[in-house]
Amino acid sequence: MSALPATAAGGARKRRSVMGTRRWVAAVFLLPALVLLGALVVYPIAFSVYRSLFDASGNGFVGLGNYGAMFSDDAIRTALKNNIIWVVVAPAVSTTLGLIFAVLTERVRWGTAFKLVVFMPMAISMLAAGIIFRLVYDQDPQRGVANAVWVGVHDTFAEPAPFPGATPRPNADLRPSGGGSFTTRSAVRARGGASAANLPLVAVRQDDVQDAGRAAVARPRPGKITGTVWLDFTRGGGGRPNVIDGNEKALAGLTVQAVKGGQVVASATTAADGTYALPADKADGARLRLPAANFAAPYNGVDWLGPTLVTPAIIGSYVWMWAGFAMVLIAAGLAAVPRELLEAARVDGAGEWQVFRRITVPLLAPVLVVVLVTLMINVLKIFDLVYIIAPGSSLRSANVLALQLFQSSFGTDVDEGLGSAIAVFLLLLVLPVMYVNLRRIQKERRR
């Protein structure tokens, strides 16, 4: 058979791509994808840029006015500041934890089970994770896990008040003396070597006196000023004010102080029957004070979702979800690291920290960059967690650009021009990160 003419061969090469496929066939297969890409990506971007140049009604051309308004609005500036915090903190913490988990789980037999547990939150939607952490961060320690743990640790080292919320009986000798403490109006006197000073209280919670014993009348003791602190209330009625009746409860564990000239000269703690005793030589002529520590409200933990901590709290929930993602990718890269290099470094006398810092991390650098870039793009679009976890009182403090975009476009004060400007600005923020990622992919291909 004769060979094809050179012109015919050249024409065949022109009609085929490098892979040997005719270009019109490739175009037919690519056309549906190109149509979808244009309809779902290119057109919305072009329309957002166009719409950002008009006012809220869409009729008045304002040019770059919406972009100027965007940077002069306090809410949007807060959102931008929070986005910077998100981009810096969330990917770095997630990647660091993923690296630590990946390295450590290689050394334990149950590492696979641990990886499964850490990666499991990735199977949960952002909506479900937001609901979970809204409950975790609940202010009430009875419902919020975070505050239940925090309050438990706090109460281990700090003794709670014995009778929170208790107050003196109205028209009694005790009066508020500032800071939650109560002080008697009159000074106590030791007559004949002994005296009694009773301090009745009310508004004590039933749970706090459920196991309390009966109050006893303090007996005179030589050289002592004695008295009783009790709950001046009889269930069912019938009790007499300022008098210790038979069934009234003793208030044990209260601190009673004798104060002269603003200085505490003596102190005592009430016994199981509510009685106390102060040395007469020091307390004579002093006023008695029940300090605020006796009545302080129970410690309720930290306001995790308050304006100060709401953004770090939400970042914590994000790290809980995405640290597993980082761990899996880094573990895959770690499996490809040549063990010979690690063993050679150990043989040469390098410690584990030196092996990790000088060999493991540099060899994992491409994987770490992939994880960081992916998470940075992800947090720039964060919306679900902030919208669900942050309560209404702290939503402004936790605001991010994606949430502000939603509020400006579909909230109470709808301004689609401003919303489109925020969308374009978000796109501009993502583009440099995407460019870095594309450059990295190109370098990998050249290798």
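An account of the accompanying structure is given in this report. Because the structure is a prediction, the values reported are computed rather than measured.

Criteria and cut-off values
Think of each chain on its own: its residues are numbered from 1, step by step along the sequence as written. Local features in this predicted model are restricted to residues of pLDDT 70 or higher, and side-chain atom pairs are both shown and tallied only at a pLDDT of 80 or more, whereas totals for entire chains, interfaces and linings draw on every residue. Calculation of side-chain values draws on the structure's entire complement of heavy atoms; hydrogens and water are dropped beforehand. Secondary structure elements follow DSSP: runs of H or I no shorter than four residues count as helices, runs of E no shorter than two count as strands, and numbering proceeds from the N terminus. Any residue under 20% of the maximum accessible area for its type is buried, any over 50% is exposed, and the rest in between are partly exposed; the area is computed with a 1.4 Å probe on protein chains only. Here, two residues are considered to be in contact whenever any of their heavy atoms come within 4.5 Å of each other. Note that accessible areas follow from Shrake-Rupley with a 1.4 Å probe, and for residues the cover is restricted to the protein chains shown. The charged-residue count follows a simple rule in which Lys and Arg add positive charge and Asp and Glu add negative charge, with His and chain termini not counted at all. By convention, the charge on Lys lies at NZ, on Arg at CZ, on Asp at CG and on Glu at CD. With axes taken as lines fitted to C-alpha atoms, and helix axes fitted only over the stretch in contact, angles between N-to-C directions fall between 0 and 180 degrees. Here the angle decides the label: under 35 degrees means roughly parallel, over 145 means roughly antiparallel, 65 to 115 means roughly perpendicular, and every other value means oblique. If you view the pair so one helix is near and one far, a crossing is left-handed when the near helix is turned anticlockwise from the far one by less than a right angle, and right-handed when it is turned clockwise. Nine residue types can take part in a nonpolar core, namely buried Ala, Val, Leu, Ile, Met, Phe, Trp, Tyr and Cys, and a core is a set of them joined through side-chain atoms within 4.5 Å. Working definition: rings of Phe, Tyr and Trp (its six-membered ring) pair if their centres are within 6.5 Å, and the pair is stacked with planes under 30 degrees apart, edge-to-face with planes over 60 apart, and tilted otherwise. Salt bridges are identified by distance alone: a Lys or Arg side-chain nitrogen within 4 Å of an Asp or Glu carboxyl oxygen. We call two N or O atoms a polar contact when they sit within 3.5 Å, provided that within protein one can donate a hydrogen and the other can accept it, with sequence-adjacent residues counted only if both atoms are side-chain atoms. Should DSSP find at least two bridges between two strands, the strands are taken to pair. Exposure above 30% relative accessible area and no salt bridge define the residues that can form patches, which grow by joining like charges within 9 Å and nonpolar side chains of Val, Leu, Ile, Met, Phe, Trp and Tyr within 5 Å. Expected helix span is taken as 1.5 Å per residue step, with the number of steps being one fewer than the number of residues. Note that bend, as reported per residue, equals the angle between axes fitted to the 7 residues terminating at that residue and the 7 residues originating from it.

A closer look at the overall build of the protein chain
Secondary structure summary: the protein chain contains 14 helices and 10 strands in total. Out of the 447 residues in the protein chain, the part that is buried amounts to 37%. Within the protein chain, contacts between residues at least 6 apart in sequence are counted, and of these 69% link residues at least 24 apart. If you sum the accessible surface of the protein chain, you get close to 25600 Å²; carbon and sulfur atoms cover 63% of it. Averaged over its 43 positive side-chain charges, the protein chain has a centre that lies 10 Å from the centre of its 28 negative ones.

A few points about the packing of helix 2 (residues 23-51) against helix 14 (residues 416-446)
One can describe the packing of helix 2 onto helix 14 by two numbers: an axis separation of 8 Å at closest approach and a directional angle of 125°. Of the possible angle classes, the one that applies to helix 2 and helix 14 is oblique. Pair helix 2 / helix 14 crosses with left-handed handedness. Side by side, helix 2 and helix 14 meet where I45, S48, V49 and R51 of the first sit next to E416, G417, S420, V424 and L427 of the second.

Here's the deal with the nonpolar core
With 50 residues, the main nonpolar core has W86, Y137, I314, Y318 and L385 as its most contacted residues. When contributions to this core are tallied by element, the ones reaching two or more residues are helix 4 (74-104), helix 6 (126-136), helix 9 (310-335), helix 10 (339-347), helix 11 (352-380) and helix 12 (384-389). The biggest single contributor to this core is helix 9, with 15 residues. Discounting chain neighbours no more than four positions away, the residues touching Y137 are A146, W304, L305, A313, G316, S317 and I389. Core analysis: the second largest hydrophobic core is formed by 27 residues, L174, L251, A258 and Y276 among them.

Focus on the packing of aromatic side chains
In total, this model carries 20 aromatic pairs according to the counting rule given. Here the aromatic rings of F47 and Y50 are separated by 6.4 Å at their centres, their planes lie at 40°, and the arrangement is tilted. Separated by three residues within a single helix, F47 and Y50 lie in helix 2, roughly one turn from each other. One aromatic cluster is present, formed by Y43, F47, Y50, F54 and F61 through successive ring pairs.

Some details on the pattern of salt bridges
Under the criterion given, the structure shown has 10 salt bridges. D245 is the partner of R240 in a salt bridge, and the nearest nitrogen-oxygen pair spans 3.4 Å. You can call D245 buried: its relative accessible area is 12%. Through salt bridges with shared partners, one network takes in E343, R346 and E352.

A short note on the side chain of D245
One can find D245 in the loop between strand 6 (224-231) and strand 7 (255-260). Reaching out from D245, the side chain makes a polar contact with the backbone nitrogen of R240 at a distance of 2.8 Å.

Focus: the pairing of strand 8 (residues 263-269)
Here six bridges tie strand 7 to strand 8, and the two strands are oriented antiparallel to one another. Bridging from a neighbouring strand, V256 pairs with A268 of strand 8. The hairpin turn running from strand 7 into strand 8, its antiparallel successor, is two residues long, and G261 in that turn takes a positive phi close to 60°.

Quick notes on the sheet that holds strand 2 (residues 174-176)
Two modes of strand pairing occur in sheets, parallel and antiparallel, and in both the strands are linked by backbone hydrogen bonds. Spatial ordering of the open sheet is given by 2-3-10-7-8, a layout of five strands whose pairing is antiparallel. Of all strands in the sheet, those bounded by a partner on one side alone are strand 2 and strand 8. Direction aside, the axes of adjacent strands within the sheet are offset by 30° on average. Here strand 7 pairs with strand 10 (residues 287-290) via three bridges, running antiparallel. Counterpart to A258 in the pairing with strand 10 is L288.

Thoughts on the environment of V89
One can find V89 in helix 4. It is 63 Å that separates the C-alpha atoms of V89 and V243, two residues lying 154 residues apart in sequence.

Quick look at the environment of S317
Locating S317 in the fold gives a position in helix 9. Since its relative accessible area comes to 0%, S317 is described here as buried. For the pair S317 and A129, spaced 188 residues apart in sequence, the C-alpha to C-alpha distance is 7.5 Å. Setting aside its immediate chain neighbours within four residues, S317 contacts F133, Y137, L385 and I389.

Brief notes about the packing of helix 9 against helix 11
Following both chains from N to C, one finds helix 9 and helix 11 inclined at 145°, their axes separated by 10 Å at the closest point. Of the two possible hands of crossing, helix 9 and helix 11 adopt the one that is right-handed. For the pair helix 9 and helix 11, contact is made by Y318, W322, F325, A326, L329, I330, G333 and L334 and by T360, L364, V367, L368, V371, T374, L375, N378 and V379, respectively.

Side note on a nonpolar patch on the surface
On the surface, L30, L34, L36, L37, L40, V41, V42, I45 and V49 cluster together into a nonpolar patch covering about 810 Å² of accessible area. With respect to the helices and strands, L40 occurs in helix 2.

Focus on helix 11
For helix 11, which comprises 29 residues, the first-to-last C-alpha distance of 36 Å sits more than 12% below the rise-based estimate of 42 Å (1.5 Å per residue). Considering bend angle alone, the principal kink of helix 11 is centred on A365 and spans about 60°; proline P366 follows within four residues of it.

Description of unusual backbone geometry
Positive phi, close to 60°, is recorded for A203, a residue that is not glycine. The topology assignment puts A203 in the loop between strand 5 (199-202) and strand 6. Phi at N242 is positive, roughly 65°, even though this residue is not glycine. In this structure, N242 sits in the loop between strand 6 and strand 7.

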